[in-house]
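Here's the letter readout for the chains.
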Amino acid sequence: MNFDFYPFYLSIKLAFIVTIILLILGIPYAWFLSTTKSKIKPFLESITALPIVLPPSVLGFYLLFFLSPNAYVGKIFYELFNIKLVFSFEGLVVASSIYSFPFMIQPIQGGFESINKNIIEASYLSGKGKLITLFKIILPNIKPSLLTAIVITFAHTIGEFGVVLMVGGSIPKKTEVASVAIYDYVENLEYPKAHIYSATLLIISFLVLLIVYYINHRKKIKSGIGY
Amino acid sequence: MNFDFYPFYLSIKLAFIVTIILLILGIPYAWFLSTTKSKIKPFLESITALPIVLPPSVLGFYLLFFLSPNAYVGKIFYELFNIKLVFSFEGLVVASSIYSFPFMIQPIQGGFESINKNIIEASYLSGKGKLITLFKIILPNIKPSLLTAIVITFAHTIGEFGVVLMVGGSIPKKTEVASVAIYDYVENLEYPKAHIYSATLLIISFLVLLIVYYINHRKKIKSGIGY
Amino acid sequence: MSYIHINVSKNLFGAQKNMKLEMEFNIEKNDFLAISGESGSGKTTLLRIIAGLEEANGEIRVGDEIWLSNTNLQTRDIVSCGKDKEKTRKRKGKDKDKDCNVFNGLWYKNRFLPPQKRKIGFVFQDFALFPNMNVLENLLYVQKDKKLANKLLEMVGMKNLSERYPNTLSGGQKQRIALCRALMRKPEILLLDEPFSALDEKRKEELQNEIYFFHKEFNLTTIMVSHSSTEIYKLADKMIEIKNGKIIKKGTPREILLKTRGSEKFSLKGRIIDIINTDIINIAVVSLGSHIVEIVISQKEAEKFKKNDEVIISTKAFHPNIKGIK
Amino acid sequence: MSYIHINVSKNLFGAQKNMKLEMEFNIEKNDFLAISGESGSGKTTLLRIIAGLEEANGEIRVGDEIWLSNTNLQTRDIVSCGKDKEKTRKRKGKDKDKDCNVFNGLWYKNRFLPPQKRKIGFVFQDFALFPNMNVLENLLYVQKDKKLANKLLEMVGMKNLSERYPNTLSGGQKQRIALCRALMRKPEILLLDEPFSALDEKRKEELQNEIYFFHKEFNLTTIMVSHSSTEIYKLADKMIEIKNGKIIKKGTPREILLKTRGSEKFSLKGRIIDIINTDIINIAVVSLGSHIVEIVISQKEAEKFKKNDEVIISTKAFHPNIKGIK
Amino acid sequence: AANLTYVMPEIKKAFNKKYPNVKINLVLSSSGKLTAQILRGAPYDVFLSANMKYPLKLYKAGIAKMPPRIYARGAICLFSLKYKDISLKNLDKFNIIAISKPKTTPYGKAAIEAFKNAGIYKKIKSKLVFAETIPAVFSYVKSYADVGIVAKSTIYSKNIKSLGTFYYKEINPQLYHPINQGIILLSQKKVAKEFYNFMFSKKVKNILKKYGYDTM
Ligand SMILES: Nc1ncnc2c1ncn2[C@@H]1O[C@H](COP(=O)(O)OP(=O)(O)OP(=O)(O)O)[C@@H](O)[C@H]1O
Ligand SMILES: Nc1ncnc2c1ncn2[C@@H]1O[C@H](COP(=O)(O)OP(=O)(O)OP(=O)(O)O)[C@@H](O)[C@H]1O
Ligand SMILES: [Mg+2]
Ligand SMILES: [Mg+2]
């Protein structure tokens, strides 16, 4: 049986890029949410969670509208960067980022809200600005939440499918990620192949997660945190 | 236009029940994960995240087999409780619970891992056992994480679609939840109807979330926590 | 047989490489035992072992209850512990009955009473108040006795603050609430870890009196970690001093603390903190514990002493004058 | 012009309903100012306002830098602050320049220097060490100066513990690291919030000497919250005592603490903590601060006094005997 | 459309025999999704649907120059893994009957029509479960449904062997409107046209027939 590894490569690449992008966008946004005393906070929090509420295919349908070069958002991208956001890998990245946004924000915000404010103050009084404090003090001290956010986002982007299929259109070597490929095999009644692909996806994901958790486990034992 | 409210009712009922079930199962399991010093911890953590890695339709496909009364798991349920786990609302509950499991576990575990151990000890020394300590001390003090877990699980179950579609068989008034209904309208090119249903789903979800966040916001201001 | 028998050991990371905490002592019922010793010597750890918050080897017996029994078995005793018991150490929290476990490769007989079953009140060095509850709720969590709670809050001068959340309290206020919370349980044994460290002297004195009163009134057995000799002398009947995890002095506070005992002279050890030379006289400012006195000294003495010298101040008179203040 | 000028006010929740913190005072360069006052009187809050961790109204000026300026504008001054500035209070942290904001419905001129730009070292009452870093990393985070870090650790006797994480330290050990971390910044102004509360007396004395040395050596201006008169007398040149958020005494420690000043008699205030009657003599055990002395008293006195009486101990001799210890 | 899942690979092979240098990418998805995508500029050249509705929509939207054409007519049949004796008449004996969604799939719509015309709809209405696509009907039958209504073409696919032994029975075509499957040409590329025309060649017609489609 010919085994095509490319969809897996695409899936992992997609999940990786989306996780990185959402980390970069999510940390400041979550920080803003967790520190603002503004009354609009509950509104923003609720809106942040909304992308998960829509069924992925439906969200994908709307994204397809907004991201296509005929539409406003897609047009800007197209004209500024010459990137088409539909039926392209870049499009998958943007669409998955939107869909997975809440999965990244919420755990991080939870972490920020339960951190001991004293150590943040202590960092300022050590002469460090907000940025260094964020990276050296705050983020290391919310590691369980950060890990949750990264793992959920990564795993979810790997498994995501409705949005990806809609916006990407399963073009081989471009937007046909593993989840789409497996779906096609199931649809095609090629069950044995579907089983093998599913197992491969599970094993790869399991190994990635295992490494992440194992490193985390070791570090924690060393620093005596959490025991 | 005839507007059918039933799918929304089913969606919310499903999300509500799944959230409750996962809270009940998730809290002890997350507690176990966060306190165990066993070496298998990283394994368990990785396995816990796996249901999200498979595309929902594919997971639904496998669940369809495991849960059907012809199969082992489904059989047990059928014989013990006379409940069929496919093409029934109960089946949706079980399937969604499996799929949403990681979304509940991970944030709660993160919360447990960052709680100040001293207050747990203080509770024991106040003569309280583990159960009371859990409910009165631990859970209230990981509220941001708990909230994250509940919101993600709830929202995700509302939006879940692949698993539900596969295991439920979209039977009107029984397993045809809102996400499935909206999907059908999009499929059928009935865009105006799809827009209205989507908007309704978004508005309902938004209101539910807003109430949750608003109450949380008020409480926090009162107790001075987090400021 | 003493009321409390303690014989425990535990390996700690000490300031000088690894340090082994090893202590054996008895406490009688209604004793007020003070523990002093330098920072990092193992005082807090000892209290935590007694409370059941920390694992240790050895034995703790209170009355006729075994709180901890973790003694190395002889090979011949192992018979009753199957290989499958290898994991019983994990279950310790639950099992009251005789059990066996492996620790550092050796078999131990194991009894462990979980903290919540030990009738103790514990005031933590870092307070550990419940942040999700206000002051009153913190107390009522221990026991739904509103009258007692109000009485205790009154006693520490915090009645007005009963609806405040711990996050909005000052250090000393937190410490007082922690004390109240420990007393709410009407414990038989009270463990205090530097319970007055964050308080001003007036408040400290008031609270010391209240604690002493409680100790007597409710027939408590109290163990207090403290750095202050006055506090210890005033409150405790017994004291131990520890260093590097070992007991180095044991006795009554009188025996250990009273430096002038037996001397007929009234004398105090102090330290010169300043010498002031005016045209006419020389004054030495001497610190005597928390007191500061000025003593007129001769020109010769002024030349002899310098700042920071330790000195003994005494009078030749047999009877120092002692006079009541209203 | 003084080095530091402080004139601030802030509404707090006090022990008796609401309490307003209102303080105005100056500090000269290289002063060592002590702040004392009962628990909950606003000492920590004052330090936090100086450090910029807490909002307040008023002014703080250090040298020629304005750290805080938050003064109520006259109506005619508002001209330059448009309606759109209503939200500038939020931006305070960033803007060094003149700005305006609304607080309690009034317009304020606003300058606020963020904490990280204020050259201060702060020892927190609850230490606030970084749990994700070991002891050495905690120090090096402030400044990559390994030599200084090692010197400071040596000084507080914690060189051996430099690889330990804060979670595994004792209370006193944490406090010492917090002190070292504050000094790592080579601050111009050092703020200490009960920096010796968790230490035994020997260690306390050592550290006090070190702090004093640092203060002199590096020309620091130091503000210390403390409950101990000896500590204050020993270290500080100036002191203020506060109560309910207001300054009630201001002066040198000599003026405020020396109770026997001007008296020719050597006399100490104490409290009887025990009266022991033997067949032959009666002994009063008197606590004088952290000292405890036994004084032989007459039968008549023994009947007159009872436990807990406050007494003054003095001698008729003009010269108490003062004798060096080795 | 999803029902073409099984026949397309063979048509592709035949096409490649004639034009060896052309590489065809098959994108299999539901017609609704594909229509939405094409409306938003999906780079597809030819669109084959299971009915005429979707291609017509595209034509009306001005995406295609030529109106859609019917390239085949589909048929439906009863399918079961457990029961040999299946027919519309005894359908009410079974507990669970899986069909594809009548609202979104022409095969499901045809099934309902057939039930109604056979006068059994009311009796079996409560036994119906709805699958998103024809392949999902197989999944349902494989797991717990007693009978399914599937596209006749799928019975001839080689992949169906993975289900083991099965039973099927055609449904009388008189009972439902013919399932006209439409094709529409989306681009002006030469190869696209070649493929479009190829779909009406004798060769393809034979293949389609082999898979149980009716070709005119
Ligand atoms: N976050 C807060 N919000 C409201 N009130 C507070 C807050 N923190 C402290 N307070 C109140 O302000 C008053 C002064 O507190 P502060 O911490 O300055 O006291 P302190 O003089 O340092 O006392 P201590 O010696 O006990 O540490 C106290 O009555 C306290 O309850
Ligand atoms: N969790 C821990 N893991 C390992 N070592 C610890 C842990 N907690 C404390 N230690 C070490 O054990 C020793 C004794 O600590 P302990 O807290 O009992 O001291 P202590 O006598 O209470 O000191 P202090 O007066 O400073 O509070 C210290 O050297 C400390 O570093
Ligand atoms: Mg201690
Ligand atoms: Mg304070």
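Before reading further, recall that the structure is shown in the block above.
Residues numbered from 1 in each chain as written. Chains lettered and ligands numbered in written order. Predicted model: local features only at pLDDT ≥ 70, side-chain atom pairs only at ≥ 80, totals over all residues. Heavy atoms only, no water.

### Description of the site of ligand 2
For step 1, the next point in the chain: Close contacts around ligand 2 come from 23 residues, with Thr44 and Thr45 of chain C together with Arg164, Ser170 and Gly172 of chain D the closest.
For step 2, the next point in the chain: Mapping the residues near ligand 2 onto chains gives chains C and D.
For step 3, the next point in the chain: Here a nitrogen atom of ligand 2 sits 3.1 Å away from a polar atom, N or O, in the main chain of threonine 168 of chain D.
For step 4, the next point in the chain: Contact distances for ligand 2 include 2.7 Å between an oxygen atom and a side-chain N or O atom of serine 170 of chain D.
For step 5, the next point in the chain: For ligand 2, whose unbound accessible area comes to 640 Å², protein coverage reaches 88%.
For step 6, the next point in the chain: Of all the elements in the fold, those that place two or more residues in the shell around ligand 2 are strand E1 (4-13) and helix H1 (43-51) of chain C together with helix H5 (171-184) of chain D.
For step 7, the next point in the chain: Of the residues in the shell around ligand 2, the class split is five nonpolar, 15 polar and three charged. (Near = heavy atom within 4 Å. Polar contact = N/O pair within 3.5 Å; in protein donor to acceptor, adjacent residues only side chain to side chain. Areas by Shrake-Rupley, 256 points an atom, 1.4 Å probe, with all protein chains shown as cover. Helix = DSSP H or I, 4+ residues; strand = E, 2+ residues; numbered from the N terminus. Nonpolar A, V, L, I, M, F, W, Y, C, P; charged D, E, K, R; others polar.)

### Section: the pairing of strand E12 (residues 246-251) of chain D
Residue and element names in this part refer to chain D.
For step 1, the next point in the chain: Sheet topology note: the strand E11 (residues 238-243)/E12 ladder contains five bridges and is antiparallel. Bridged to isoleucine 240 within E12 is lysine 250.
For step 2, the next point in the chain: Hairpin remark: E11 followed by E12, antiparallel, with two residues in the connecting loop; positive phi at asparagine 244, about 45°. (Pairing = 2+ DSSP bridges.)

### Some details on the coordination of the magnesium ion (ligand 3)
All names here are of chain C.
For step 1, the next point in the chain: Those protein atoms acting as donors to the magnesium ion (ligand 3) are Thr44 (OG1) and Gln125 (OE1), and they sit at 1.9 to 2.4 Å. Taken together, the positions of threonine 44 in helix H1 and glutamine 125 in the loop between strand E8 (120-123) and helix H3 (135-142) put the pair 81 residues apart, joining distant regions of the chain.
For step 2, the next point in the chain: For threonine 44, a relative accessible area of 23% puts it in the partly exposed group. (Donors = N, O, S within 2.8 Å, 3.2 Å for Na, K, Ca; no water. Buried < 20%, exposed > 50% of the residue type's maximum accessible area, 1.4 Å probe, protein only.)

### A closer look at the sheet that holds strand E8 (residues 179-185) of chain E
Residues and elements named next belong to chain E.
For step 1, the next point in the chain: An order of E1-E8-E2 is seen for the three strands of this open sheet, with the pairing classed as antiparallel. Two strands in the sheet have a free side with no partner beyond their single neighbour: strand E1 (46-48) and strand E2 (69-74). Pairwise comparison of adjacent strand axes, ignoring direction, gives a mean angle of 20° for this sheet.
For step 2, the next point in the chain: Relative to E8, E1 runs antiparallel, the two being bridged by three bridges. Bridge pairing in E8 links valine 46 to leucine 185. (Axes fitted to C-alpha atoms, helices over the stretch in contact; angles between N-to-C directions.)

### Re the packing of aromatic side chains
Aromatic ring pairs are defined here through the distance separating the ring centres and the angle between the ring planes.
For step 1, the next point in the chain: With the rule as written, the count across this model stands at 44 aromatic pairs over all chains.
For step 2, the next point in the chain: Between phenylalanine 61 of chain A and tyrosine 191 of chain B the ring centres are 4.6 Å apart and the planes differ by 40°, which places this aromatic pair in the tilted class. On the criterion of chain membership, the pair formed by phenylalanine 61 of chain A in helix H3 (residues 56-67) and tyrosine 191 of chain B in helix H11 (residues 191-223) is interchain, its members lying in two chains. Judged on exposure class, the residue phenylalanine 61 of chain A and its partner tyrosine 191 of chain B are both buried.
For step 3, the next point in the chain: Among the aromatic residues, ring-to-ring pairing joins Phe5, Phe8, Tyr185 and Tyr197 of chain A into one connected group.
For step 4, the next point in the chain: If you follow lysine 13 of chain B out to its NZ or CZ, it ends over the ring of phenylalanine 89 of chain B, 4.6 Å from the centre. (Phe/Tyr/Trp six-rings, centres within 6.5 Å; stacked < 30°, edge-to-face > 60°. Lys NZ or Arg CZ within 6 Å of the ring centre and 35° of its normal.)

### Regarding the coordination of the magnesium ion (ligand 4)
For step 1, the next point in the chain: Binding of the magnesium ion (ligand 4) to the protein goes through Thr44 of chain D (OG1) and Gln125 of chain D (OE1), at separations of 1.9 to 2.4 Å.
For step 2, the next point in the chain: For glutamine 125 of chain D, a relative accessible area of 22% gives the class partly exposed.

### A few points about the site of ligand 1
For step 1, the next point in the chain: Taken together, 22 residues sit near ligand 1, with Arg164, Ser170 and Gly172 of chain C together with Thr44 and Thr45 of chain D positioned nearest.
For step 2, the next point in the chain: The environment around ligand 1 is built from residues contributed by chains C and D.
For step 3, the next point in the chain: Interatomic distance of 2.7 Å between a backbone N/O atom of glycine 40 of chain D and an oxygen atom of ligand 1.
For step 4, the next point in the chain: One nitrogen or oxygen atom from the main chain of lysine 43 of chain D is found 2.7 Å from an oxygen atom belonging to ligand 1.
For step 5, the next point in the chain: When ligand 1 is considered free in solution it has 630 Å² of accessible area, and contact with the protein chains removes 88% of it.
For step 6, the next point in the chain: Listed by contribution, the elements that provide at least two residues to the shell around ligand 1 are helix H5 (171-184) of chain C together with strand E1 (4-13) and helix H1 (43-51) of chain D.
For step 7, the next point in the chain: Residue classes in the shell around ligand 1 are distributed as four nonpolar, 15 polar and three charged.

### Let's talk about the interface of chain B and chain C
For step 1, the next point in the chain: On the chain C side, the residues contacting the 23 residues of chain B number 21 residues.
For step 2, the next point in the chain: Between chain B and chain C lies a buried interface of about 1900 Å² when both sides are counted; carbon and sulfur atoms form 60% of it.
For step 3, the next point in the chain: Between the two partners, chain B and chain C, sit one salt bridge.
For step 4, the next point in the chain: The partner of glutamate 121 of chain B in a salt bridge is arginine 48 of chain C, with the nearest N and O atoms 2.7 Å apart.
For step 5, the next point in the chain: Linking chain B with chain C are eight residue pairs in polar contact (both at pLDDT 80 or more). (Contact = heavy atoms within 4.5 Å. Buried area = accessible area lost by both parts, 1.4 Å probe. Salt bridge = Lys/Arg side-chain N within 4 Å of Asp/Glu carboxyl O.)

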